[in-house]
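Report on the structure
Chain residues, written in single-letter form:
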Amino acid sequence: KQWYQRRVRGQWKSKEKVGRKVLVCHDMAGGYLDDKFVNGSDDPGCYNFYHWAQIDIFVYFSHHLVTIPPLMWVEAAHKNGVLVLGTFITEWDAGRENCEIIWASIESSIHYAKKLVDIAHTYNFDGWLINIENTLESDQIDNMHVFLQFLTNGMKELSPNNLVIWYDAVTIDGDLAWQNGVTDLNFPFLQCCDGIFLNYSWKDWNLDLTMDLCPERLTDIFTGIDVWGRNCVGKFESHLSAEKISDYGLSVALFAPAWCYESNNGNFEKFLQDNNKFWELLRNMCPPNPVQLKLDEDYCTNFDFGFGKKVFEYGYLLYLKSWFNLSKQDAPFVSFLNNATWNVSIHPEDAFQGSTSLKIVNLGNGSDNHCLCHLISVNVTFDSGRIKLVCKNLVDCNLSDINLLVTDKKEEVTKLSLDSISIIGGNEWYELSFAICDQEVKWIGIEVPNTNASFLIGQLSFSV
């Protein structure tokens, strides 16, 4: 079996985060755009999320009463060990009317909780964000506690890793009063479920009080950052908010990171640049989760990011086709990194398998003009094995000069020299093979010695 077939429902977490989690709440243009189509669409310029390695939980958000995550999001997330939550939201006058029905009695509360469990089970996602943004009557509050408890227990019966998360809006008094922290007015809701998503307008004193009230559940508190920067520090300074949150030992909730897309008004190339910049700034606070393999398991990625205008097989162009489908992403746990020394970007014009590859450009700013480029975070011990790259020269790159770099948990770097190189497939793609023995590896990267050299990576594979 492929290694990722069992890597679902959030079972593998980065030890570097020490229990802290990163949640992304995807809110874009009302939701259910081209992503709602089971077989994708023919628009390669749709919003694309591929920084799965840096998050643990993905929430699909819209303003419908019940939001079921589209299939392509569920499949892409599960390939990367990320949990997927739907949204249950009530708001405004219509929300109050719904609440009168749902929480009219204990029996109705249990009935609708079971319905949400059934929906999650049917559509294969992992829980719910519960967002009540209207006032409630006092008798409805008691019934809502029953609803939360039955919903949480029901999801746990499906899988112990499933989650129900409460949004910080309505209080136990029934008032719509965002607390921006855990207080006596919302703590009882947290006690009924797995976590709470705090509103974005928090200050230091809110987080101080939160730590005092529930010191044993800090990682269950998802502290909100509105990436649009509404009432908080966001946009390209979102990492500053995340740094503050991590100082308190709390988990991070990023709301609407599709800001990188929406703010570029359809300029897809600029979106890719800004998106990479945004997540690179967050890397220290949201470190990538590693690939972990058992003995005799294989890892392989073709760096296909779920969109394109051409389709290749073994380097040969099969046909021209514009397409978008996150279910077809084939870059699990890939987490490339840019800086002043090199640039790594998604290249949609050429590929070894699929429609995209990684383009590596040495900018010539490193010491001795060497480019040291991280590709993927791993947690793998190689007794005896091989790491293989499939590459293609673009400009001034002698592929035989590429070295593979691996780092251990102490950040000590080992250089693996090229063991063999051979042509593979068509259109001047080459397979580079590197032997590795008795090595515990945390990062896999490459070294490119030539100034201003550029080349493509079409595949990365290894086994233990």
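Quick look at the structure, then. (Residues numbered from 1 in each chain as written. Predicted model: local features only at pLDDT ≥ 70, side-chain atom pairs only at ≥ 80, totals over all residues. Heavy atoms only, no water.)

A few points about the layout of surface pockets
Condition: Two kinds of site are reported from a 1 Å grid over the protein atoms alone, namely cavities, where a 1.4 Å probe fits but cannot get out, and pockets, open sets with protein on both sides within 12 Å along at least five of seven lines, and residues are called lining when an atom falls within 4 Å of a point. Grid points are joined across faces, edges and corners, and a volume is the space filled by probe spheres set on the points. Helix and strand assignments follow DSSP, with helices taken as H or I runs no shorter than four residues and strands as E runs no shorter than two, numbered in order from the N terminus. Residue classes follow a fixed rule: Ala, Val, Leu, Ile, Met, Phe, Trp, Tyr, Cys and Pro count as nonpolar, while Asp, Glu, Lys and Arg count as charged, and any other residue, Gly among them, counts as polar.
Quantified by volume, the largest pocket comes out at close to 430 Å³. In terms of lining residues, the largest pocket is bounded by 19 residues, among which F268, E269, L272, I346 and P348 are the most central. Of all the secondary structure elements, the ones that give two or more residues to the lining of the largest pocket are α9 (268–281), β11 (307–313) and β13 (342–347). Grouping the constituent residues of the lining of the largest pocket by class yields seven nonpolar, eight polar and four charged.

Some details on the sheet that holds strand β14 (residues 353–354)
Across a sheet, strands are paired by hydrogen bonds formed along the backbone, either parallel or antiparallel in direction. Note the threshold: A pair of strands counts as paired when DSSP detects no fewer than two bridges linking them.
Spatial ordering of the open sheet is given by β12-β11-β14, a layout of three strands whose pairing is antiparallel. Either end of the sheet is taken by a strand with one partner, and the two such strands are β12 (316–324) and β14.

So, helix α2 (residues 92–102)
Residue pairs spaced three or four apart in an α-helix point in one direction, given the helix's 3.6 residues per turn. To be explicit about the condition: The buried label goes to any residue with under 20% of its type's maximum accessible area, the exposed label to any with over 50%, and the partly exposed label to all in between, with areas taken from a 1.4 Å probe on protein chains only. This arc describes the spread of directions from the helix axis toward the C-beta atoms. Should any heavy atoms of two residues lie within 4.5 Å, those residues are considered in contact.
Regarding α2, the residues found buried are G95, C99 and I102. The arc that holds every buried residue of α2, seen down its axis, measures 70 degrees, which confines them to one face. Along α2, the residues that are exposed and aim more than 90 degrees away from the buried face are E97 and E100. For α2, the secondary structure elements touched by its buried residues are β4 (83–91), α3 (106–122), β5 (127–133) and α4 (138–158).

So, the packing of aromatic side chains
Put simply, the rule is: The pairing test for Phe, Tyr and Trp rings, Trp by its six-membered ring, is centres within 6.5 Å, and the orientation test on the planes gives stacked under 30 degrees, edge-to-face over 60, and tilted for anything in between. We call a charge positioned above a ring when the Lys NZ or Arg CZ atom is no farther than 6 Å from the ring centre and deviates by at most 35 degrees from the ring normal.
Evaluated as defined, the whole model comprises 31 aromatic pairs. Ring geometry for Y47 against F271: centres 5.6 Å apart, planes inclined by 55 degrees, an arrangement best described as tilted. Of this pair, Y47 sits in the loop between β1 (22–26) and β2 (57–60) while F271 sits in helix α9, placing them 224 residues apart in sequence. The same class applies to Y47 and to F271, which are both buried. Considering the side-chain rings of Y314 and F352, the 5.7 Å spacing of their centres and the 85 degrees angle between planes classify their relative orientation as edge-to-face. Here Y314, found in the loop between β11 and β12, pairs with F352, found in the loop between β13 and β14; they are 38 residues apart in sequence, far enough to count as distant. Take Y314: its relative accessible area is 43%, and that puts it in the partly exposed class. Judged by relative accessible area, which is 1%, F352 ranks as buried. Here the guanidinium or amino end of K277 rests over the ring plane of F236, the centre of that ring lying 4.2 Å away.

Some words on empty space enclosed by the protein
Within the structure shown, the criterion is met by one cavity of 30 Å³ or more. The calculated volume of the largest cavity comes to roughly 80 Å³. Forming the boundary of the largest cavity are Y50, W52, A76, K79, N80, D304, F305, Q329, D330, A331 and P332. Among the residues forming the lining of the largest cavity, the class breakdown is six nonpolar, two polar and three charged.

A word on the pattern of salt bridges
Here is the rule: Think of a salt bridge as a Lys or Arg side-chain nitrogen and an Asp or Glu carboxyl oxygen that are within 4 Å of each other.
One pass over the full model with this rule turns up 13 salt bridges. Taking the shortest distance from any N to any O, the salt bridge between D226 and R230 comes out at 2.6 Å. Residue class for R230 comes out partly exposed when judged on its relative accessible area of 44%. Between D419 and R386 there is a salt bridge whose closest N-O contact spans 2.7 Å. Pair noted here: D419 is in the loop between β18 (413–416) and β19 (420–423) and R386 is in strand β16 (residues 371–395), with a separation of 33 residues, a long-range link. Each member of the salt-bridge network shares a partner with another, and the members are K21, R217 and D220.

Function-wise, these values are silent; they only describe arrangement.
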